[in-house]
Amino acid sequence: MASLFYFSPIISALFLVISCIASNDQTPKPYIVYMGSPLNNSGDSAEIAELTHLQMLSSIIPSEESERISVRHSYHHAYRGFCALLTKEEATLLSGHEEIVSVFPDPILKLHTTRSWNFLGLDESYYSRSSSYHYKHASSYDVIIGVIDTGIWPESPSFDDQYVGKVPSRWKGVCMEGFNFDKSSCNRKLIGARFYNIEDQDSSITKLPNNSTSSTTTIPSKQNGTPRDKAGHGTHTASIAAGAFVPNATYNGLASGIARGGSPFARIATYKACSEGNCQGSAILKAIDDAIKDGVDIISISIGRSFVFQTDFKDDPIAIGAFHAAERGVVVVCSGGNEGPDPYTVTNSAPWIFTVAASTIDRKFQSTVVLGNNVSLKGTGISFNPSGRSKTYPLELGENITFHPSLTSQARYCMPGSLDAKKVAGKIIVCMNDDWSISREIKKLVVQDAEAKGLILIDEQDKSSPFDSGDFPFAEFGKLDGAQILQYINSSQNPMATIFPAKEIRRVKPAPIVADFSSRGPATLTENILKPDITAPGVGILSAMIPNQDEKISSLFGITSGTSMACPHVSGAMAFIKSVHPTWSLSMIKSAIMTTATISNNLRKPLTNTSNLHASPHEIGAGELNPIKALNPGLVFETTMHDYYNFLCYYGYKEKEVRLIVSKKKNFDCPRNASTTKKELISHINYPSISIEKLEQNQGVLRVKRVATNVGSPNATYASSIIGPPGLIVRVFPRKIAFVKGIKKVSFEVSFDGKKALKGYNFGIITWSDGSHKVQMVFAVNVE
């Protein structure tokens, strides 16, 4: 009854203003009502929380619309709140109440869609296994990864539980039954499964019964819900993070080898919050709350908004859930988005989120085209030929076979409705791929539906990610090879071509390269936190996939690209490191990964992007993931919850808002120097990298402080060195820091003076070394 008593002032106040919204003609829409942290560490019971939320709704929704008095999702464990249908006026009314942090429309978020682990240096020997892949690691700590995505395909061999032991006793989750999915679908590897989608859920909607305030009734929703993956995205990401060893894995003959996740012996819990492309923010928020309650260690989310629609942190379901997860010792790893290469496109940029960019590995998929003049050109693409024979067909430019002369420019890009299907049939079509609004998948479908025999795309800029066209012949070329194709077509009376199935090319150099699609920093919400944090393999990744009924040949594995694939690489690496260092906090592991990241490619030169320019920290964060080095970082920079609480103050949230948000410290006071919004102070929180949004040339020296924690030798002295841009004066004080027995933490200051620096962002690295460790701290300073 304590919770009901606590909300009684809210309910009483809301009753007084029912008349203000009793009649309006607005269409109710789903809104999330976020109410901050729970009143106690264990949270409210589900029954009390739902009843309280229903009573709040009944106080503001007119009686003639009582059917809207229902809660789609109720949050009551790590944070409080609910999702319900509200009009704009009702939402505004709730948002104005002092006990509510924010009310915002339920957003629709998007999915950010083997050899990679060897490329990262984490080969099979590091798992201390026998030839039968039996786990023999010294640590008995079972790491649990919660994957919030499109569900899972439990029959995949990547989720076999043959070599894992009993389910950890601390696991409190469930295996929800649904369509074509029962409790036997879970096992010792896939230990939990939940689903939430409003459109296809098999859960219940709780509604307030008529003439009652003391009990609830359960209304069944549509009976076709299931944790089963219908899109493949969730299966793919889960297996990248923690898939079991699968020998002889291949995608129709491509990329053959041993498939495995970064932590093959970690447990997986799946939370289906997405359908085939769309993810409801309220469902993601519920999934995070459940995952924390269930007992996961790491939450992996390859989902996010477009950078165009980014909102304040307290209006962002992933940021809200991740903050409260961090309070409970659970880290949330997220993809940074696929809207590169432009700056200011990175998403999921809250400091308590581990934000991941995408890069290539030393493998590419080569698709060869032989022209009728016997010129052979090597492009990229993934396609296979079920018949085993490649045939020669007429070659035609899309812009020359338009449905109507006025559509020439559209036909150049294979836009829907622009091509004459009769002239397309039986030919290989050549189209341009410089219009970002038309995806390669759509171009392929346009010509395939018109019964073409293949597709060749020509790009002005080289693309890093190979397109998978399945059994439809496909190849993609840059502008140089593309020019040869165009010249041949224009100079030949009867141009012909043959597209051969793709081949895997290994040990490609240089690698890694920043993926062209990977979203870039700086972060728009605050440039005083460097984002993305890290980069990881996200191009041409082989992993588990759902069977494709539309293909003539179906495979249990697939090859995909995106920061969606990079994210679970980091989740799996964190689980691997946690299994070796079970006493390390996940903030320490995050720091270890960042400060040991690789900053050179396999040519021992600085990492580059697809334009062959040096990659900046706004593209790669601290560098490329290196899980083996992260096992022994020497020093870590642990970002505490107090740092995050101060961040909220510096960002501009009022102290009473912060007190609602934080748990355990309801009497929390913002620092005195944060009485007004001072975003520049964000640079001072103990983050493993440094970012300064604005350093004026004439403002003098700006200093930031960091605290290093020794996790290496108990007696060690570290000396600093600096690699920075010309003109920017960077100093570290003291230049050496010493750890002796009993001293685990030492602080130091870094000063920046931009009076001689070039304007714009200046990047560099501070390295601490004791002779055996190199601890790298990347910095980004914007000089104005």
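Residues numbered from 1 in each chain as written. Predicted model: local features only at pLDDT ≥ 70, side-chain atom pairs only at ≥ 80, totals over all residues. Heavy atoms only, no water.

### Here's the deal with the overall build of the protein
At step 1: Counting its regular elements, the protein contains 18 helices and 42 strands.
At step 2: Split into buried and exposed, the 784 residues of the protein put 59% on the buried side.
At step 3: When the accessible surface of the protein is split by element, carbon and sulfur atoms take 51% of a total near 31000 Å². (Helix = DSSP H or I, 4+ residues; strand = E, 2+ residues; numbered from the N terminus. Buried < 20%, exposed > 50% of the residue type's maximum accessible area, 1.4 Å probe, protein only. Areas by Shrake-Rupley, 256 points an atom, 1.4 Å probe, with all protein chains shown as cover.)

### Things to note about the sheet that holds strand E41 (residues 760–769)
At step 1: Spatially, five strands are ordered E35-E42-E41-E37-E39 in an open sheet, and the strand pairing comes out mixed. On the outer flanks of this sheet lie strand E35 (690–695) and strand E39 (736–739), each paired with one strand and no other. For this sheet the average axis-to-axis angle between neighbouring strands, irrespective of direction, equals 20°.
At step 2: Sheet analysis places strand E37 (residues 716–723) next to E41, joined by five bridges and oriented antiparallel. By the bridge assignment, Ile-722 is partnered in E41 with Ile-766. (Pairing = 2+ DSSP bridges. Axes fitted to C-alpha atoms, helices over the stretch in contact; angles between N-to-C directions.)

### Observations concerning the state of the cysteines
At step 1: Enumeration over the complete set of coordinates arrives at four disulfides.
At step 2: Here Cys-175 is linked by a disulfide to Cys-186, with a sulfur-sulfur distance of 2.0 Å. Residues Cys-175 and Cys-186 are joined through a disulfide that is right-handed, its torsion about the S-S bond being 85°. Pair noted here: Cys-175 is in the loop between strand E7 (144–149) and strand E8 (190–195) and Cys-186 is in the loop between E7 and E8, with a separation of 11 residues, a long-range link. An identical accessibility class is assigned to Cys-175 and Cys-186; each is buried.
At step 3: The disulfide bridge from Cys-274 ends at Cys-279, spanning 2.1 Å between sulfur atoms. Here the disulfide of Cys-274 and Cys-279 is right-handed, its torsion about the S-S bond being about 110°.
At step 4: With relative accessibility at 0%, the residue Cys-279 sits in the buried group.
At step 5: Listing the disulfide partners of the protein by sequence rank of the bonded cysteines yields 1-2, 3-4, 5-6, 7-8. (Disulfide = S-S within 2.5 Å.)

### A look at the sheet that holds strand E34 (residues 635–636)
At step 1: Taken in spatial order, the four strands line up as E34-E36-E40-E38 in an open sheet, and their pairing is antiparallel. Strands with a single pairing partner mark the edges of an open sheet, and in this sheet they are E34 and strand E38 (729–733).
At step 2: Direction of pairing for E38 relative to strand E40 (residues 745–753): antiparallel, over a ladder of five bridges. Counted as the bridge partner of Ile-729 is Asp-753 from E40.

### A closer look at the pattern of salt bridges
At step 1: If you walk through the whole model with that rule in mind, you get 23 salt bridges.
At step 2: The shortest N-O distance in the salt bridge between Arg-440 and Glu-476 comes to 2.8 Å. With Arg-440 in helix H11 (residues 440–449) and Glu-476 in strand E26 (residues 474–477), the pair connects residues that are 36 residues apart, well separated along the chain. We note that Arg-440, like Glu-476, is buried. (Salt bridge = Lys/Arg side-chain N within 4 Å of Asp/Glu carboxyl O.)

### Let's talk about the pairing of E40
At step 1: For strand E36 (residues 701–710) and E40, the ladder comprises nine bridges, and the chain directions are antiparallel. Each residue of the ladder has a partner; that of Lys-705, found in E40, is Glu-749.

### Points about helix H4 (residues 88–95)
At step 1: Of all the residues in H4, the buried ones are Glu-90, Ala-91 and Leu-94. Along the axis of H4, the buried residues cluster in a sector spanning 100°; they form a single face. (Arc of directions from axis to C-beta.)

### A look at the pairing of strand E23 (residues 428–432)
At step 1: Across the five residues of E23, five count as buried, placing the element largely inside the fold.
At step 2: Across the two faces of E23 the burial is the same, with Ile-428, Val-430 and Met-432 and Ile-429 and Cys-431 all buried.
At step 3: Pairing of strand E22 (residues 392–397) with E23, which is carried by three bridges, proceeds in the parallel orientation. Each bridged residue has a counterpart across the sheet, and for Leu-397 the counterpart in E23 is Val-430.
At step 4: Bridge count between E23 and strand E24 (residues 454–458): five bridges; the pairing is parallel. Paired with Ile-429 across the two strands is Leu-455, which belongs to E24.
At step 5: After leaving E23, the chain enters H11 and then returns to the sheet as E24, a path that is right-handed. (Right-handed = clockwise from strand over helix to strand, strands pointing away.)

All quantities given are derived from atomic positions and should not be read as evidence of function.
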